Structures are given as structure tokens and as C-alpha cells.
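# Residue-level structure breakdown
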Amino acid sequence: QVQLVESGGGLVQAGGSLNLSCAASRTIFSFVAMGWYRQPPGKQRELVARKTSIGITNYADSVKGRFTISRDNAKNTVNLQMDNLTSEDTGVYYCAAFSGPYGNDYWGQGTQVTVSS
């Protein structure tokens with residue numbers, strides 16, 4: 001079991017930046033991947049960024065060049081630096097931990113990001 005707690009969300013103007021942080025209750029070293037997902041209003045949850053245990057990163061096309069995911073196994077944290085935000089980035093952002101095909105996946109409670117235009 002692991003608890004994931006997100007922080008850093010809030011209200012920001014378009015063009016601004018936010019840094020989201022996800023703190024895990026135990027080591028994240030064993031997780032195959034850690035990621036950030038978001039759920040825009042009235043839409044389904046979607047991938048924002050993922051980083052595997054060997055450093056491979058994936059980003060949604062809509063955030064490439066603007067968002068950066070970082071994973072610190074020593075601190076048990078995963079951060080998402082979000083720059084040049086637009087109203088399309090508004091939503092609830094969730095942290096996730098993936099154990100692979102033979103284990104459990106874990107999700108945080110989410111943090112709200114609202115970008116005003």
C-alpha cells in the first residue's frame with residue numbers, strides 16, 4: 001500500500017506557472033512508473049506525463065515543451081512543473097503510481113488547477 005498526496009494546485013492566470021508535487025507515504029523506487037493525469041471539466045481522465053523507473057518519459061502532445069515531470073526516488077516525490085499555462089490545462093490533477101502487470105496501481109485524491117484567461 002502507498003498513499004499519494006498531491007499539492008501545489010490553485011488558480012493562476014494564463015501564461016503563468018505552477019509546480020505540482022506528489023508525496024508518497026513510502027518508497028517509490030519499486031514502481032515501474034509514476035505519472036500525472038488530469039480530468040478536465042466534463043471530460044475523462046487523461047495522461048499528462050509519466051516517468052518510468054529507468055527514466056523514460058512520456059508527455060501528452062498538448063503539454064510537450066511546457067510541462068516537465070521529475071521523479072526523486074530518494075525523497076519519494078514526483079513533481080510536475082507546468083509553464084505557459086492555458087485555460088485548456090484546467091482540471092483536477094492526479095498523481096499515480098504503477099506497479100506493472102502483476103501489481104496494484106495507486107492514485108492520489110487530486111488537486112485542482114484552474115487557469116483563468
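Structure shown above.
A short tour of the structure in this document, coming up. All values derive from a computational prediction rather than experimental measurement.

### Section: the overall build of the protein chain
Looking only at helices and strands, one finds 0 helices and 11 strands in the protein chain. Element order for the protein chain, N to C, with α for helix and β for strand: β-β-β-β-β-β-β-β-β-β-β. Since a compact globule built from 117 residues should have a radius of gyration of about 13 Å, the 13 Å found for the protein chain is in line with a globular shape. Considered along the principal axes of its C-alpha atoms, the protein chain spans approximately 40 × 25 × 25 Å. For the protein chain, buried positions account for 40% of its 117 residues. In the protein chain, once contacts between residues fewer than 6 apart in sequence are set aside, the share between residues at least 24 apart is 55%. As displayed, the protein chain offers around 6,100 Å² of accessible surface, 48% of which is attributable to carbon and sulfur atoms. Positive and negative side-chain charges in the protein chain, numbering 10 and 8 respectively, have mean positions lying 5 Å apart.

### A look at the pairing of strand β1 (residues 4-7)
Side chains of β1 alternate between two faces, with Leu 4 and Glu 6 buried and Val 5 and Ser 7 left unburied. Two elements, β1 and strand β3 (residues 18-24), share 4 bridges in a ladder whose sense is antiparallel. Bridged to Glu 6 within β3 is Cys 22.

### Regarding unusual backbone geometry
For Asn 76, which is not glycine, the phi torsion reads 60° and is therefore positive. A positive phi is found at Asn 84, a non-glycine position, where the angle reads about 50°. Among the structural elements, Asn 84 can be located in the loop between β8 (77-82) and β9 (91-98). Among the residues examined, Asn 84 registers a relative accessible area of 45% and is labelled partly exposed.

### Quick word on the pattern of salt bridges
Using the criterion set out here, one finds 4 salt bridges in the structure. In this structure, a network of salt bridges that share partners links the residues Arg 38, Glu 46, Arg 66 and Asp 89.

### As for the state of the cysteines
Within this structure, the stated rule accounts for 1 disulfide. Note that Cys 22 is cross-linked by a disulfide to Cys 95, the S-S spacing being 2.1 Å. What sets the handedness of the Cys 22 and Cys 95 disulfide is the S-S torsion sign, and at about -80° it is left-handed. Placement of Cys 22 in strand β3 and of Cys 95 in strand β9 is noted, with a sequence separation of 73 residues between them.

### Re the sheet that holds strand β7 (residues 67-72)
Pairing in this open sheet of 4 strands is antiparallel, and the strands run β1-β3-β8-β7 from one edge to the other. Each end of this open sheet is capped by a strand with a single partner; those strands are β1 and β7. Adjacent strand axes in the sheet meet at a mean angle of 15° when their direction is disregarded.

Conventions used here
Residues numbered from 1 in each chain as written. Predicted model: local features only at pLDDT ≥ 70, side-chain atom pairs only at ≥ 80, totals over all residues. Heavy atoms only, no water. Helix = DSSP H or I, 4+ residues; strand = E, 2+ residues; numbered from the N terminus. Rg over C-alpha atoms; globule rule 2.2 N^0.38 Å. Buried < 20%, exposed > 50% of the residue type's maximum accessible area, 1.4 Å probe, protein only. Contact = heavy atoms within 4.5 Å. Areas by Shrake-Rupley, 256 points an atom, 1.4 Å probe, with all protein chains shown as cover. Lys, Arg positive; Asp, Glu negative; His and termini not counted. Charge placed at Lys NZ, Arg CZ, Asp CG, Glu CD. Pairing = 2+ DSSP bridges. Salt bridge = Lys/Arg side-chain N within 4 Å of Asp/Glu carboxyl O. Disulfide = S-S within 2.5 Å. Axes fitted to C-alpha atoms, helices over the stretch in contact; angles between N-to-C directions.

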